[in-house]
Amino acid sequence: MWIIYALITRNEKKLASLLIVFAHKGKEEDSKQLADYYFYTKQNMQLAEKPTMLLAEQGLAQYQSRLGMIYYQGIDEKPDFKKAYPWFLKAAEANDLNGKISVASFYLGGLGVQQNFEKAAAWFNSAYEQDPVKTCELLNFTHRELNNSTSSCTSRKSKIAP
């Protein structure tokens, strides 16, 4: 499949039609490539929604998080936080790092959910335990916002106190 993608990248219409044909045959990998093509290459949330939804409904945490991002960014640039949150939560509960960070951010900012610093702290801590390198800066920011203090998580694991 990647060979086809590499050979015809200059013919966008042909590429899109081939990806759609392959995806409709039901192979998960082809559906992933179609969803990725619309999301990353075309950056078209409206076209990315359907193939991403199919993958998210199959329980693939990466695509649950991606569907949350599609709704967060908005179809036709109209963010829908109430639609985004459940998909981020499903991804987070499936141990997806981006899902955890997104759920924490939703609680921190009160986006589509009631603002809840305890839940934000719990999800940020869970993300930090999963990947301290990627989440260190977020943890430090959250420490400053919630605790009115500074924290350095570069040398040790830190917990956020709500």
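Caption draft 1: Seen up close, the confidence of the model for the chain. Per-residue confidence for the chain averages 83 on the pLDDT scale, and 75% of its residues sit at or above 70. Confidence, read as mean pLDDT per element, is least for helix 1 (residues 2-7) in the chain (50) and greatest for helix 6 (residues 81-93) (98).

Caption draft 2: Fine view of unusual backbone geometry. Positive phi values are uncommon outside glycine, yet Gln43 reaches one of about 50°. Positionally, Gln43 belongs in the loop between helix 3 (28-41) and helix 4 (45-57). Taking relative accessible area as the criterion, Gln43 reaches 61% and is therefore assigned exposed. In this structure, Glu77 is a non-glycine residue whose phi angle is positive, near 60°. Following the sequence through the fold, Glu77 ends up in the loop between helix 5 (61-73) and helix 6. We classify Glu77 as exposed; its relative accessible area is 74%.

Caption draft 3: Broad picture of the packing of helix 3 against helix 4. At a closest axis distance of 8 Å, the pairing of helix 3 and helix 4 adopts a crossing angle of 155°. Taken together, the axis directions place helix 3 and helix 4 in an arrangement best described as roughly antiparallel. Classified by chirality, the crossing of helix 4 by helix 3 is left-handed. Here Glu28, Ser31, Lys32, Leu34, Ala35, Tyr38 and Phe39 of helix 3 come into contact with helix 4, specifically with Met45, Leu47, Ala48, Pro51, Thr52 and Leu55.

So, how was this worked out
- Residues numbered from 1 in each chain as written.
- Predicted model: local features only at pLDDT ≥ 70, side-chain atom pairs only at ≥ 80, totals over all residues.
- Heavy atoms only, no water.
- pLDDT = per-residue confidence, 0-100.
- Helix = DSSP H or I, 4+ residues; strand = E, 2+ residues; numbered from the N terminus.
- Buried < 20%, exposed > 50% of the residue type's maximum accessible area, 1.4 Å probe, protein only.
- Axes fitted to C-alpha atoms, helices over the stretch in contact; angles between N-to-C directions.
- Parallel < 35°, antiparallel > 145°, perpendicular 65-115°, else oblique.
- Left-handed = near helix turned anticlockwise from the far one by under 90°.
- Contact = heavy atoms within 4.5 Å.

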